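Residue-level listing of the chains:
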Amino acid sequence: MNNQVFDVIVVGAALAGTTAATLFARAGLRVALVERNPDSYAYKQLCTHFIQGSATPTLARLGVLEQLEARGGLRNSANIWTRWGWIFEPEMHDANGASQHGFNLRRQVLDPLLCQTAAATPGVELCLGHSVKDLIVENGRVTGIVTHAAAGDRTLRSRLVVAADGRNSRLAELAKIRIKSSPNRRSLIMAQYREVPLVHGATSQMWIDGAKVGYIFPNDDGVTVVAAMPPQADFANFKADPAGHFERYMQAFPDSPDLQKAVRISEFIQVKDYPNQTRAPVALGMALIGDAALSMDPLFGVGCGWALQSAEWLVDVTAPALKAGTGVEAALRDYAKVHQQKLGGHAFIVADFSKRYAFNLIERLMFKAATRDVAAARHLFLFAKRISSLAEFLNPRIIARALWLTLQPAKPNT
C-alpha cells in the first residue's frame with residue numbers, strides 16, 4: 001500500500017473534498033481521498049448549515065438532491081428584516097424555469113451523505129484516519145504526501161494534490177502559503193432548538209439591525225439553527241449567561257420566535273473572533289478549494305456553497321488536462337482565474353461589511369428599495385444567494401431605480 005500513485009490526491013473529506021473526489025473519479029481519474037478523521041460520519045460543527053442557491057446545480061450534478069430531501073433537507077428561502085421593514089423573498093427561477101432555492105440541512109446529515117457518495121464512486125479510494133505528515137515537493141511542485149495512520153506511514157504520489165482540509169489547512173501550512181486576513185468585528189453564538197414557534201413558517205429569517213445581527217434557519221428533523229452575531233464588545237455578556245443573554249438578544253428583534261417556548265438540544269457554539277481569511281487558490285502546483293482557499297464571515301452563509309462550487313470549478317478545468325497528461329499547470333492557472341472571477345467580488349463585499357456596523361449608501365438604497373418592490377427584492381436575493389455577480393448587483397440602471405423607489409411613498413412589499 002506504500003508509494004502508491006494516483007491521478008489526484010484530495011486531502012479533506014468534507015464538502016469540498018468529497019465533491020472534488022466524486023467528480024474527478026466520474027471523469028475517469030483515480031483519486032485518493034485522504035481524511036484524518038477515522039469516522040465516515042464525522043461532520044463540521046461550526047457552520048450555519050445553510051447552502052446558498054448558487055450551489056444547487058452542483059448538488060444536482062452530484063446526483064444527491066433526492067437523497068438530500070429524503071433526509072429532511074429543506075428548500076430554503078429567507079426573509080430579511082432591516083430598519084426599513086421586512087424583505088420577503090419572492091419565487092426565484094432561472095431562465096429555464098428551474099427553482100433557484102438552496103437548502104437547509106445540518107452538516108451531521110450532509111457531510112456523511114457526500115462522503116458516502118464519494119466512497120461509492122468507482123475510482124475513489126477513501127483513506128480514513130490518515131493525517132498528513134509531510135509534502136513531497138519536486139522541482140518546486142507538490143507531487144505527493146506522506147500520511148500517518150495507526151497502521152503506519154504511507155507515501156502517496158499524484159499529478160495533482162488538492163487541499164480541501166479547511167480553514168486551518170495542514171497542507172497550506174506545510175507549503176508555507178501566506179494567509180491574508182481581514183478583521184471581523186462581530187462574534188458568533190449559535191445553538192440548535194426544537195419546537196421553535198416560527199413566525200414565518202419554515203422560511204428562514206434574518207435580522208440586520210445596525211451592530212446587531214441574528215438569524216433562524218429551520219432545518220431537517222424539526223431542528224432550527226439559531227444564531228446571534230453581536231459586536232465583539234458584547235461577547236462577554238454571552239459568556240457570563242449564554243442561554244439567558246442569547247434568548248433576550250433574539251427576542252429583541254421584530255417578529256422573532258420566543259425561544260423560551262422552545263427546547264434547546266445542543267450546547268452553544270461561541271466564537272469571539274473569526275477573521276476573514278484567504279489564500280492563493282493555487283501554490284506550488286497544488287490547488288486549494290473550499291475554506292482552505294477562502295474562509296469568510298459566517299454571517300452570509302457562503303461557506304457550504306463556495307466549498308461545493310470551487311470543487312466543481314477545479315474539476316472542470318483540470319480533469320481534461322490530467323486525462324490528456326499535459327497542460328496541468330495552465331489548467332491550474334485557469335482555475336485560479338475562475339475562482340477570482342466568481343468569488344472575488346463577493347468576498348470583497350463580505351469582508352467589507354464585517355468591518356462595519358452600518359450599511360453604506362448603496363446597501364441602504366438596495367435594502368430600502370427591496371421592502372417596496374418585488375423586482376428590487378429579487379435583484380437583492382439573486383446577489384445574496386451568490387447567483388449574480390457584484391458587477392450585476394451594482395448595475396447603474398438598477399441603482400438609479402432603487403433611488404427612485406426610495407423617494408416614493410412607502411408601499412411595503414408583501
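Residues numbered from 1 in each chain as written. Predicted model: local features only at pLDDT ≥ 70, side-chain atom pairs only at ≥ 80, totals over all residues. Heavy atoms only, no water.

Peer 1: I'm lost on helix 13 (residues 396-406) in this one. Help?
Peer 2: All of the buried residues in helix 13 are Ile 398, Ile 399, Ala 402, Leu 405 and Thr 406. End-on view of helix 13: buried residues confined to an arc of 120 degrees, all on one side of the axis. Looking at helix 13, the residues exposed on the side facing more than 90 degrees away from the buried face are Pro 396, Arg 397 and Trp 404. Close packing links the buried residues of helix 13 with helix 10 (361-370) and helix 11 (374-384). (Buried < 20%, exposed > 50% of the residue type's maximum accessible area, 1.4 Å probe, protein only. Helix = DSSP H or I, 4+ residues; strand = E, 2+ residues; numbered from the N terminus. Arc of directions from axis to C-beta. Contact = heavy atoms within 4.5 Å.)

Peer 1: Hey, could you run me through the packing of helix 8 (residues 303-324) against helix 9 (residues 328-353) in this one?
Peer 2: Helix packing geometry: the angle between the two helix axes and the distance between the axes. At a minimum axis separation of 8 Å, helix 8 and helix 9 run at an interaxial angle of 160 degrees. In this view, helix 8 runs roughly antiparallel relative to helix 9, as classed from their interaxial angle. In this structure, the crossing between helix 8 and helix 9 has a hand that is right-handed. Facing Trp 306, Ser 310, Trp 313, Leu 314, Val 317, Thr 318, Ala 321 and Leu 322 of helix 8, the residues of helix 9 in contact are Val 328, Ala 331, Leu 332, Asp 334, Tyr 335, Val 338, His 339, Lys 342, Leu 343, His 346 and Ala 347. Of the residues in the contact of helix 8 with helix 9, the class split is 13 nonpolar, 4 polar and 2 charged. (Axes fitted to C-alpha atoms, helices over the stretch in contact; angles between N-to-C directions. Parallel < 35°, antiparallel > 145°, perpendicular 65-115°, else oblique. Left-handed = near helix turned anticlockwise from the far one by under 90°. Nonpolar A, V, L, I, M, F, W, Y, C, P; charged D, E, K, R; others polar.)

Peer 1: Looking at this structure, I do not really get the packing of aromatic side chains. What am I missing?
Peer 2: The full count for this structure, using the stated rule, is 14 aromatic pairs. Judged by centre distance (5.7 Å) and plane angle (25 degrees), the ring pair of Phe 353 and Phe 359 falls under stacked. For Phe 359, a relative accessible area of 15% gives the class buried. Between Phe 383 and Phe 393 the ring centres are 4.4 Å apart and the planes differ by 15 degrees, which places this aromatic pair in the stacked class. Remark: Phe 393 occurs in helix 12 (residues 390-393) and Phe 383 occurs in helix 11; sequence separation between them is 10 residues. Of the residues examined, Phe 383 reaches a relative accessible area of 6% and is grouped as buried. Put simply, the rings of Trp 86, Phe 88, Trp 207, Phe 238, Tyr 249 and Phe 253 pair up and form one aromatic cluster. The positively charged end of Lys 212 is found above the aromatic ring belonging to Tyr 249, 4.7 Å away from the centroid. We note Arg 386 situated over the ring of Phe 383; from NZ or CZ to the ring centre the distance is 5.1 Å. (Phe/Tyr/Trp six-rings, centres within 6.5 Å; stacked < 30°, edge-to-face > 60°. Lys NZ or Arg CZ within 6 Å of the ring centre and 35° of its normal.)

Peer 1: Would you explain the environment of Arg 397 in this entry?
Peer 2: One can find Arg 397 in helix 13. On the accessibility criterion, Arg 397 (58% relative accessible area) is exposed.

As far as function goes, none of this settles anything; it's purely spatial.
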